[in-house]
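Chains, contacts and geometry: an overview
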Amino acid sequence: SPHPVWEIAPDRVVSPSGRIALLGDAAHMASPRTGAGAYTAMVDAVVMGECMTRASTLDEALAMYNADTVRRGKELHRSSRRAASYFAPAGVTPVSPRSFVEGPSVAGEL
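Everything in this summary refers to the structure shown in the same document. (Residues numbered from 1 in each chain as written. Predicted model: local features only at pLDDT ≥ 70, side-chain atom pairs only at ≥ 80, totals over all residues. Heavy atoms only, no water.)

1. Description of the pattern of salt bridges
The final tally for this structure, using the stated rule, is five salt bridges. Of the charged contacts in the structure, one is a salt bridge between aspartate 11 and lysine 74, with a shortest N-O distance of 2.6 Å. Residue aspartate 11 is located in the segment before α1 (37-54), and its partner lysine 74 is located in helix α2 (residues 58-87); the two are separated by 63 residues in the primary sequence. Residue lysine 74 is classed as partly exposed on the basis of its relative accessible area, which comes to 27%. Between arginine 72 and aspartate 44 there is a salt bridge, with its nearest N and O atoms 2.6 Å apart. On the criterion of sequence distance, the pair formed by arginine 72 in helix α2 and aspartate 44 in helix α1 is long-range, its members being 28 residues apart. (Salt bridge = Lys/Arg side-chain N within 4 Å of Asp/Glu carboxyl O. Helix = DSSP H or I, 4+ residues; strand = E, 2+ residues; numbered from the N terminus. Buried < 20%, exposed > 50% of the residue type's maximum accessible area, 1.4 Å probe, protein only.)

What follows is the structure in C-alpha cells.
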C-alpha cells in the first residue's frame, strides 16, 4: 500500500516502576496483514491473569508477564515483517519505522 504501516516490538512492556503495563497493540503492534490485533490483546489479558495467579509478588508477576509478552511480540514482529515482504511492490524493501521517520542520513551534515 502507498502509506506506511507501523509495527513495534519493544524490549520492555512493563515500566521499571511497575506502574504501567502495556497490552495488545500497545505492547506489540503488527501490520494489519497478520490479523493479530484483538487476539493478542486477549492473550495478553489471559497471560497477565496467569502471571498474577502463579507469582508470589506483584513484581514477580509483572516480570513474568514482561518476559512472555516481549517474546511473543518479537515472534509476531518477525512474522509480520515476512508477510510485509510479500505485499511490498516489486523492487521495494520494507523499512523500519525509525528509518522512515528519520529519513536518509547524509554524511557530514553534523
